[in-house]
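Architecture and fold: a report
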Amino acid sequence: MTQNMDSEFSRICNMIDENELISFDIYDTALLRNVLNPADIFDLVSLELKKRNMNITDFKKIRVWAEEKARSISQKEDIQFDDIYKIIENKVGKTRSKVIQEIELSVEEKFTIANPFIKRVFDYAKSKKKTIIFISDMYLSKEFICSLLKKNGYNGYFEVYISGDLGISKASSNMYVFLKEQLNID
């Protein structure tokens, strides 16, 4: 397994050597949620809600539904975290919604770790003085994502592009069109 990893690392380093702009996806690439499934974060939020005597029945179900609802009513290609919590606020009230939102961000931070392999690749690209960007289809804010990257040792990159903040996504390819224009690349 280690030999395969070293071989893959060498292959990626060769690609880095041939390019000036290096991009990384964020979740499930540079950063990992230290849970089996991403939605397990919502189970952990539920546990924290119980500890605080804020028993909200079926929080995970509510949270998944709220994200789906926010996406279905959005005029943009992607949504923001606040869009999800505006939907939740209608179910649980403004004050409780704000507390739950803070808990979810805290749980995200606690269970997000650097992917050691990609961190090694990132460090190589950085040592070669490459222009490094991060791109993600994600509802979490750029500010929050940048704090997670920093906390997990990703420093010295050029920029972070988040679909929720920009209102365009990688999935539609519009993010790539935007980046092509923004960074003047082909």
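As shown above, the structure is provided for reference.
Report on the accompanying structure. The structure presented is a predicted model; accordingly, all values stated were derived computationally and were not measured.

**A closer look at the overall build of the protein chain**
Of regular secondary structure, the protein chain possesses 9 helices and 5 strands. Taken from N to C terminus, the helices and strands of the protein chain fall in the order α-β-β-α-α-α-α-β-α-β-α-β-α-α. Expressed as a percentage of the 186 residues in the protein chain, the buried residues total 41%. A fraction of 71% describes how many contacts in the protein chain between residues 6 or more apart in sequence connect residues 24 or more apart. Counting every atom, the protein chain has about 10700 Å² of accessible surface; 49% of that belongs to carbon and sulfur. Averaging the locations of the 28 positively and 29 negatively charged side chains of the protein chain gives two centres separated by 4 Å.

**Quick word on the sheet that holds strand S4 (residues 131-136)**
The strand order across the open sheet formed by 3 strands is S1-S4-S5, and the pairing between neighbours is parallel. Taken across any chain shown, the strands that pair with only one partner, and hence form the sheet edges, are strand S1 (21-25) and strand S5 (159-162). Recorded for the sheet is a direction-independent mean angle of 25° between the axes of neighbouring strands. Examined bridge by bridge, S1 and S4 share 5 bridges and lie parallel to one another. The partner of Phe24 across the bridge, within S4, is Phe134.

**Some thoughts on the pattern of salt bridges**
Summed over all chains, the structure comprises 15 salt bridges. Between Asp43 and Lys60 there is a salt bridge, with the nearest N and O atoms lying 3.1 Å from each other. You can see Asp43 sitting in helix H2 (residues 40-51) and its partner Lys60 sitting in helix H3 (residues 59-73), a full 17 residues away along the chain. Overall, Lys60 belongs to the partly exposed group, its relative accessible area being 28%. A network of salt bridges, in which partner residues are shared, links Arg63, Glu67, Arg71, Asp78 and Glu104.

How each quantity is defined
- In this numbering scheme, every chain counts its residues from 1 along its sequence in written order.
- Thresholds applied to this predicted model are a pLDDT of at least 70 for local features of residues and 80 or more for the giving and counting of side-chain atom pairs; totals over whole chains, interfaces and linings are not thresholded and use all residues.
- Excluded from the side-chain calculations are hydrogens and water; all other atoms, namely the structure's heavy atoms, are used.
- To qualify as a helix, a DSSP run of H or I must reach at least 4 residues; to qualify as a strand, a run of E must reach at least 2; elements of each kind are numbered from the N terminus.
- Any residue under 20% of the maximum accessible area for its type is buried, any over 50% is exposed, and the rest in between are partly exposed; the area is computed with a 1.4 Å probe on protein chains only.
- Between two residues, a contact is recorded if the distance between any of their heavy atoms is within 4.5 Å.
- Under the convention used here, a 1.4 Å probe and the Shrake-Rupley method define accessible areas, while residue burial counts only the protein chains that appear.
- In this tally Asp and Glu are treated as negative and Lys and Arg as positive; neither His nor the chain ends contributes.
- The atom standing in for a charge is NZ when the residue is Lys, CZ when it is Arg, CG when it is Asp and CD when it is Glu.
- Strand pairing is assigned whenever DSSP detects at least two bridges linking the two strands.
- Every axis in this analysis is a line fitted to C-alpha atoms, fitted for helices over the stretch in contact. Angles between the N-to-C directions lie between 0 and 180 degrees.
- Just to be clear on terms, a salt bridge is a Lys or Arg side-chain nitrogen sitting within 4 Å of an Asp or Glu carboxyl oxygen.

The values are spatial; any link to function lies outside them.
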